[in-house]
Amino acid sequence: MLSYDELTPPERELWNAFPEGRRVDLRSGVAEDDRVADGGQWGPGRTVRAEVIVALLLGAHAVQPGAVGSLALAGARISGRINLAGARIDHPLWFEDCWFEQDVSLFGAETRTVAITGSRVPGLEAGSARIEGRLDLLKSTVETGPVSAFHREISALSLTHAHVTGGIVLNRAELLAPEGWALSAGGLVMDGGVFCGRLVAHGEVRLLGAQLAGGLFMRGARLERPGPRGVALSLDNAVASTLDFSRGFTANGTVRLRGTRVSDNVTFEGSVLNGPPDGDGPALLCALMQAVDFDLTLARPPSGTVDLRGAQVSYLHDCDDSWPETVELDGFVYGSIKVAVAGEWREAVGSPDSVAHRMRWIRRSPGYSPQPYEQLASWYRKAGHDDDARRVLLAKQRHRRRTLRPAARAWGHLLDATVGYGYRPWLAGVWLLVLILLGTVTFGAHSPTPVQAGAGPRFQPLIYTLDLLIPIGGLGQRTAWYWTSGSLQWLAYLLIAFGWVLTTAVIAGVTRALQKN
């Protein structure tokens, strides 16, 4: 137990101020002398031992009746390690512009608001802690601490399975763990928001399975170096109200939102997704993600793949810079696609190149999968553009044809040329008209021979040609006349064959079109 006589002058000042909640400010007022980066050189007049802080927070000096005690310290050098693991702390902690010699441990602690602003801390461990209030690290630099007792990994800030009833403020903070995890917060439960505006992180930011009721806001944040896996940000299976990665957010590594559920919007408006530095991995992985609004209007195209397989969104906002060369779209479901027109978000239909633009988008997906085509066609139908939907479905059949064997490809070419796989039935009418004209003109210029002299109907070239082309039934001309000229007889045979081919193609194509689509 510390005695008052053992305390140094700055420690006595803090001891006396604690019961009344007064702040102790040890700063000199000279900017050069108060630089936190040089805090290791501050002398005894600005040094407070960690054991004194721990003793105060654990009840060594009782709070006066009628006062609210708190530990508020500015401009101090904290020597030793603040170890409050498992402690119950009934007073808020306020550190401003302080330099910590060793890491701070709040592992499993129950505490009030913890504010360490503008300070330098070599690691903050708050795994399994419960913070009744907020955790504020505004403008602080948190460097790599010791290996976490919770997950046995190197991290700067650990909040694994912590519960914070207020918010977490990391605005303009720096989290430095280049070979590990800048932020380890798997299973974090938040009642408030997580604010990371202009945060700079070296190392992976991990929020796997986190519950972010107040949302995550990383506007202008820079994730400079990924972790060992090439991942800059991992939010796999997290649940959030909103995810805001806008206004210059930059990630030099993979951003993972696999299985993430967002009740409102996910925005990457104006962000930069560079992907892993070695190029081995996607820039954005959103497989199985669920969100209402998904804004992917990036500042420039991503450097790596965008993976949207199995994702579901109500509204997709995109632009020319949204998509890299490879986009995984199989299973991606969206209710509407919006683009900015004259400063307003409007349905991305109606423009002359709308379908061609969207088809180029789908073709960025490797291999053949019918779902992206069917999803796009469904959207066009809901928007009232049935003709565009048919163009998409025709493109789907043409893409599928390239995966078939030669015989099936030949049949596909025939269906395409004759009826457009059932999505262009008017082509059959064009072919029929051409063949009718060919037969009528050719046969009309010659005289056939009757099968029975004087017994058959009068020869009519148009009706004769139609009789050849119609495979079922008869008009009485084909059986009543024949040609002695070999070439004309072969033309008749060809028209019969074309009639069967056209009929078969029409039936097959229309049947295909009347199935699912």
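Residues numbered from 1 in each chain as written. Predicted model: local features only at pLDDT ≥ 70, side-chain atom pairs only at ≥ 80, totals over all residues. Heavy atoms only, no water.

1. Some remarks on the overall build of the protein
In terms of regular secondary structure, the protein is built from nine helices and 42 strands. A compact globule built from 517 residues would reach a C-alpha radius of gyration of about 24 Å, whereas the protein, at 37 Å, exceeds it by more than 25%. Considering only C-alpha atoms, the protein reaches an extent of 140 × 40 × 40 Å along its principal axes. Looking at the protein alone, contacts between residues at least 24 apart form 51% of all its contacts between residues at least 6 apart. Total accessible area on the protein is roughly 23000 Å²; 53% of this is exposed by carbon and sulfur atoms. Computing the positive centroid from 51 side-chain charges and the negative centroid from 51, the protein places the two 11 Å apart. (Helix = DSSP H or I, 4+ residues; strand = E, 2+ residues; numbered from the N terminus. Rg over C-alpha atoms; globule rule 2.2 N^0.38 Å. Contact = heavy atoms within 4.5 Å. Areas by Shrake-Rupley, 256 points an atom, 1.4 Å probe, with all protein chains shown as cover. Lys, Arg positive; Asp, Glu negative; His and termini not counted. Charge placed at Lys NZ, Arg CZ, Asp CG, Glu CD.)

2. A word on the pairing of strand 37 (residues 312-317)
With five bridges joining them, strand 35 (residues 290-295) and strand 37 adopt parallel strand pairing. Residue pairing across strands places Asp295 opposite His317, the latter belonging to strand 37. Pairing between strand 37 and strand 39 (residues 333-341): five bridges, direction parallel. Bridge pairing links His317 to Lys338 in strand 39. (Pairing = 2+ DSSP bridges.)

3. Side note on helix 4 (residues 370-382)
When the terminal C-alpha atoms of helix 4 are compared, their 19 Å separation across 13 residues agrees well with the 18 Å that a helix rising 1.5 Å per residue should span. Those residues of helix 4 that sit buried are Gln371, Pro372, Tyr373, Glu374, Gln375, Leu376, Ala377, Trp379 and Tyr380. Looking at the buried positions of helix 4, the neighbouring elements they touch are strand 39, strand 40 (344-347), helix 3 (354-362) and helix 5 (386-401). Within two residues after helix 4, Gly384 carries a phi angle of roughly 85 degrees, on the positive side. (Expected span 1.5 Å × (residues − 1). Buried < 20%, exposed > 50% of the residue type's maximum accessible area, 1.4 Å probe, protein only.)

4. A word on the packing of aromatic side chains
The geometry of an aromatic ring pair is captured by two quantities: the separation of the ring centres and the angle between the planes. In total, this model carries ten aromatic pairs according to the counting rule given. Considering the side-chain rings of Phe268 and Phe294, the 6.4 Å spacing of their centres and the 90 degrees angle between planes classify their relative orientation as edge-to-face. Remark: Phe294 occurs in strand 35 and Phe268 occurs in the loop between strand 32 (265-267) and strand 33 (272-273); sequence separation between them is 26 residues. Look at Trp323 and Trp361: their rings are 5.3 Å apart centre to centre, the planes differ by 45 degrees, and that puts the pair in the tilted class. Here Trp323, found in the loop between strand 37 and strand 38 (327-328), pairs with Trp361, found in helix 3; they are 38 residues apart in sequence, far enough to count as distant. Trp361 gets classed as buried once you look at its relative accessible area, which sits at 3%. Each residue in the set Phe245, Phe249, Phe268 and Phe294 is aromatic and connected to the rest through ring pairs, giving one cluster. Between Arg46 and the ring centre of Trp42, over which it is positioned, the NZ or CZ distance is 3.9 Å. The ring of Trp361 has Arg358 lying over it, and the distance from NZ or CZ to the ring centre is 5.5 Å. (Phe/Tyr/Trp six-rings, centres within 6.5 Å; stacked < 30°, edge-to-face > 60°. Lys NZ or Arg CZ within 6 Å of the ring centre and 35° of its normal.)

5. Focus: unusual backbone geometry
Not every positive phi belongs to a glycine, and Asp97 is a case in point at roughly 55 degrees. Secondary-structure assignment places Asp97 in the loop between strand 6 (93-96) and strand 7 (99-100). Note on Asp97: relative accessible area 21%, which makes it partly exposed.

6. A few points about the pairing of strand 22 (residues 200-206)
Across a regular strand the side chains alternate sides, sitting on one face of the sheet and then on the other. Among the seven residues of strand 22, six are classified as buried, and the element is accordingly described as predominantly covered. Across six bridges, the pairing between strand 19 (residues 174-184) and strand 22 is parallel. Residue pairing across strands places Glu174 opposite Val200, the latter belonging to strand 22. Relative to strand 25 (residues 222-225), strand 22 runs parallel, the two being bridged by three bridges.

7. Thoughts on the packing of helix 3 against helix 4
Packed helices, taken two at a time, are described by the angle between their axes plus the distance between the axes. Contact geometry of helix 3 with helix 4 gives a least axis separation of 10 Å together with a crossing angle of 155 degrees. By the angle between their axes, helix 3 is roughly antiparallel relative to helix 4. Crossing angle aside, the handedness with which helix 3 passes helix 4 is right-handed. In contact with Ser354, Val355, Arg358, Met359 and Ile362 of helix 3, helix 4 contributes Pro372, Tyr373, Leu376, Trp379 and Tyr380. Considered class by class, the residues forming the contact of helix 3 with helix 4 number eight nonpolar, one polar and one charged. (Axes fitted to C-alpha atoms, helices over the stretch in contact; angles between N-to-C directions. Parallel < 35°, antiparallel > 145°, perpendicular 65-115°, else oblique. Left-handed = near helix turned anticlockwise from the far one by under 90°. Nonpolar A, V, L, I, M, F, W, Y, C, P; charged D, E, K, R; others polar.)

8. Observations regarding the state of the cysteines
Inspection of every chain in the model, using the stated rule, returns zero disulfides. Cys286 takes part in no disulfide bond, and the closest cysteine sulfur to it belongs to Cys319, at a distance of 15 Å. Overall, Cys286 belongs to the buried group, its relative accessible area being 0%. (Disulfide = S-S within 2.5 Å.)

9. Re the pattern of salt bridges
Oppositely charged side chains may form a pair once their charged atoms are brought near each other. Under the definition given, this model contains 30 salt bridges. We note a salt bridge from Arg88 to Asp90, for which the minimum N-O separation is 3.7 Å. According to the relative accessible area criterion, Arg88 is exposed, its value standing at 57%. Between Arg256 and Asp236 there is a salt bridge, and its shortest N-O distance comes to 2.8 Å. One end of the pair, Arg256, is in strand 30 (residues 254-256); the other, Asp236, is in the loop between strand 26 (231-234) and strand 27 (239-240), with 20 residues separating them in the sequence. (Salt bridge = Lys/Arg side-chain N within 4 Å of Asp/Glu carboxyl O.)

10. Quick word on the nonpolar core
A general trend in soluble globular proteins is that nonpolar side chains are found buried together. Counting 118 residues, the largest nonpolar core has Leu73, Phe95, Leu188, Phe249, Phe268 and Phe294 as the members making the most contacts within it. Ranked by residues supplied to this core, first place goes to helix 2 (residues 50-57) with seven residues. Beyond its immediate chain neighbours, meaning those up to four positions away, Phe294 contacts Val266, Phe268, Leu284, Cys286, Met289, Leu308, Val313, Tyr315, Leu316 and His317. By size, the runner-up hydrophobic cluster in this structure holds 15 residues, among which are Leu435, Ile436, Phe459 and Leu495. (Core = buried A, V, L, I, M, F, W, Y, C linked by side-chain atoms within 4.5 Å.)

11. Considering the side chain of Thr242
Position of Thr242 among the secondary structure elements: in the loop between strand 27 and strand 28 (243-244). A polar side-chain atom of Thr242 sits 2.6 Å from a polar atom in the side chain of Asn265. Contact partners of Thr242, with chain neighbours within four places excluded, come to Gly215, Leu216, Phe217, Val262 and Asn265. (Polar contact = N/O pair within 3.5 Å; in protein donor to acceptor, adjacent residues only side chain to side chain.)

12. Looking at the side chain of Glu374
You can see Glu374 is positioned in helix 4. A distance of 3.3 Å separates a polar atom in the side chain of Glu374 from a polar atom in the side chain of Lys396.

13. Considerations on helix 2
Where burial is concerned, most of helix 2 is hidden: seven out of the eight residues are buried. The complete set of buried residues in helix 2 reads Ala50, Val52, Ile53, Val54, Ala55, Leu56 and Leu57. In this fold, the buried residues of helix 2 make contact with helix 1 (9-17), strand 2 (47-49), strand 3 (71-74), strand 4 (77-79), strand 5 (82-83) and strand 6. One or two residues past the end of helix 2 sits Gly59, with phi positive at roughly 95 degrees.

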